[in-house]
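Listed below, chain by chain, are the residues.
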Amino acid sequence: MRGMPGNMQGMMKQMQKMQKEMGKAQEELHATEFTASAPDEMVKVVFTGDKKMKDMQINPEAIDPDDPDMLQDLVIAAVNDAMNQIDQATEKKLGKFTKGMPM
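In this report, the structure presented in the accompanying data block is examined. Since the model is a prediction, treat every value here as computed from it, not as a measurement.

The rules behind these values
Residues numbered from 1 in each chain as written. Predicted model: local features only at pLDDT ≥ 70, side-chain atom pairs only at ≥ 80, totals over all residues. Heavy atoms only, no water. Helix = DSSP H or I, 4+ residues; strand = E, 2+ residues; numbered from the N terminus. Buried < 20%, exposed > 50% of the residue type's maximum accessible area, 1.4 Å probe, protein only. Salt bridge = Lys/Arg side-chain N within 4 Å of Asp/Glu carboxyl O. Pairing = 2+ DSSP bridges. Axes fitted to C-alpha atoms, helices over the stretch in contact; angles between N-to-C directions. Core = buried A, V, L, I, M, F, W, Y, C linked by side-chain atoms within 4.5 Å. Contact = heavy atoms within 4.5 Å. Patch = residues over 30% accessible without salt bridge, like charges linked within 9 Å, V, L, I, M, F, W, Y side chains within 5 Å. Areas by Shrake-Rupley, 256 points an atom, 1.4 Å probe, with all protein chains shown as cover.

What follows deals with the environment of aspartate 40. With respect to the helices and strands, the residue aspartate 40 is situated in the loop between strand E1 (33–37) and strand E2 (43–48). With 22 residues separating them in the primary sequence, aspartate 40 and alanine 62 have C-alpha atoms 10.0 Å apart.

What follows deals with unusual backbone geometry. In the Ramachandran plot, glutamate 41 falls in the positive-phi region, its phi being about 50° despite a non-glycine side chain. Mapped onto the elements of the fold, glutamate 41 is located in the loop between E1 and E2. Glutamate 41 gets classed as partly exposed once you look at its relative accessible area, which sits at 47%. You will see that lysine 51, though not glycine, has its phi angle at about 65°, which is positive. Here lysine 51 lies in the loop between E2 and strand E3 (53–58).

As a further point, take the pattern of salt bridges. Per the counting criterion, the structure on display carries 6 salt bridges. When the shortest N-O distance is used, the salt bridge between lysine 93 and glutamate 28 registers 3.2 Å. Here the residue lysine 93 occupies a position in helix H2 (residues 68–98), and glutamate 28 occupies one in helix H1 (residues 6–31), the gap between them amounting to 65 residues. Residue lysine 51 pairs with aspartate 87 through a salt bridge whose shortest N-O separation is 2.9 Å. Highlighted residues: lysine 51 in the loop between E2 and E3 and aspartate 87 in helix H2, separated in sequence by 36 residues. Residue classification places lysine 51 among the partly exposed positions, given a relative accessible area of 42%.

For the rest of this paragraph, the subject is the pairing of E3. In the sheet, E2 pairs with E3 via 5 bridges, with the strands oriented antiparallel. Among the inter-strand pairings, valine 43 is bridged to a residue of E3, identified as isoleucine 58. Two successive antiparallel strands, E2 and E3, enclose a turn made up of 4 residues, where lysine 51 displays a positive phi of approximately 65°.

What follows deals with the sheet that holds E3. Pairing within the open sheet is antiparallel, and its 3 strands lie in the order E1-E2-E3. Every other strand in the sheet has two partners, leaving E1 and E3 as the edge strands with one partner each. Sheet twist, expressed as the average angle between the axes of neighbouring strands with direction ignored, equals 15°.

Glancing now at the nonpolar core. Membership of the largest hydrophobic core comes to 17 residues, with the highest contact counts inside it found for Val43, Val45, Phe47 and Leu74. Of all the secondary structure elements, the ones that give two or more residues to this core are H1, E1, E2 and H2. Top contributing element to this core by residue count: H2, with 7 residues. Beyond its immediate chain neighbours, meaning those up to four positions away, valine 43 contacts Ala36, Ser37, Ala38, Met56, Gln57, Ile58, Leu71, Leu74, Val75 and Ala78.

Together, Met8, Met11, Met12 and Met15 give the surface a local cluster of nonpolar side chains, amounting to about 340 Å² of exposed area. Assignment of secondary structure puts methionine 8 in helix H1. For methionine 8, a relative accessible area of 36% puts it in the partly exposed group.

Shown next, in the form of structure tokens:
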């Protein structure tokens, strides 16, 4: 950074600080667990903030051999709920770092 104008040095330091803060925020988000469920809590799932499933619980009442589509729909509903929670938390926690930046 030697030889850079003072303004540029200051901007580089700000960027480095922002990168460090963003990395810490991402680590915190990834360590957070999100629990979601299908209607009537027939299926519950637990995901980490980096969208990795940690657990799934299926209520025995949801297992109907004559209607496997129902169980599939319940799993999809629970997983989609968890993904929405993670997306909202990500936007809340990391959105401040990307506001005003071109995508």
